[in-house]
Amino acid sequence: YTKVRNFVNDNMDSPTIGLVGQSLCAALQQELTEYYKLIAILEAQVEKQMINNQVTNQSLTLKKLMMWTLDCNQKLRLMSVLVDVCQGQKGGALISSIHNYTKHGDPFIKDYLTKMLQIVSKPFYEMLERWVYEGELDDPYEEFFVACDRTVPEEELWQSKYTMREDMLPTFLSKELAHKIFSIGKSLNFIRYSCHEDTLAEQYDTSTATT
């Protein structure tokens, strides 16, 4: 718990961890909030028993305490593992680190980490959607697997402005698919800026949305 809480406090508002890392912090904070709720319920139960000074079938026993906190303790251990493997990671590399742990034989662990992955990867997929549908790269913290050199002049856009950043490519995306995504976004970007055909790109977005 202490490790997870410190990770969230240190990184929640840090720009160095990027949007994906901030999503991880938000997901961990939500899990800690659920943990606080459980602790509050247990404390209220104990206080009630102390006031009544009697033990009934509804009383909190050590056995019930162990059962009630079983899932919570397992989640805390999994969150601690995520904190360890995600230290110093951001963007697609961070997503890959989490994805590697979803290949687990325990259904509880697999389901929990898969749900965490879906939350954490949301900013990455928003970047992906905008690149594929609009040819725009919205990546302020360099987390996406497409890199942009903004010093390159417009006449050299196709040859030099955009490159692959392979260390940010998630492990569940093949290099072949990544290159297709790269080409689609670069083509739309070239049409929009080098050919000055904003209307064509907008028509493509509209037709894609309707289909």
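Heads up: these notes are all about the structure in this document. Only a predicted model underlies this, so the values are computations on that prediction, with no experimental measurement involved.

Here's the deal with the overall build of the chain
Counting its regular elements, the chain contains 10 helices and 2 strands. Mapped from its N terminus to its C terminus, the chain presents α and β elements in the order α-α-α-α-α-α-α-β-α-β-α-α. Relative to the compact-globule value of 17 Å for 211 residues, the chain shows a C-alpha radius of gyration of 23 Å, a clear excess of over 25%. Carbon and sulfur atoms form 53% of the exposed surface of the chain, whose accessible area is close to 12,600 Å². Computing the positive centroid from 21 side-chain charges and the negative centroid from 29, the chain places the two 10 Å apart.

A short note on unusual backbone geometry
At Glu142, a residue that is not glycine, the phi angle is positive and equals roughly 55°. With respect to the element layout, Glu142 can be found in the loop between helix H7 (122–134) and strand S1 (146–148). Residue Glu142 is classed as partly exposed on the basis of its relative accessible area of 47%.

A word on the side chain of Asn189
Along the chain, Asn189 falls in helix H9 (residues 175–193). Judged by its relative accessible area of 2%, Asn189 falls in the buried class. In this structure the side chain of Asn189 is engaged in a polar contact, spanning 3.0 Å, whose partner is the side chain of Tyr162. Once residues within four sequence positions are removed from consideration, Asn189 is found in contact with Gly135, Leu157, Tyr162 and Ser194.

Rules used in this analysis
- Residues numbered from 1 in each chain as written.
- Predicted model: local features only at pLDDT ≥ 70, side-chain atom pairs only at ≥ 80, totals over all residues.
- Heavy atoms only, no water.
- Helix = DSSP H or I, 4+ residues; strand = E, 2+ residues; numbered from the N terminus.
- Rg over C-alpha atoms; globule rule 2.2 N^0.38 Å.
- Areas by Shrake-Rupley, 256 points an atom, 1.4 Å probe, with all protein chains shown as cover.
- Lys, Arg positive; Asp, Glu negative; His and termini not counted.
- Charge placed at Lys NZ, Arg CZ, Asp CG, Glu CD.
- Buried < 20%, exposed > 50% of the residue type's maximum accessible area, 1.4 Å probe, protein only.
- Polar contact = N/O pair within 3.5 Å; in protein donor to acceptor, adjacent residues only side chain to side chain.
- Contact = heavy atoms within 4.5 Å.

Read these as spatial facts, not as claims about activity.
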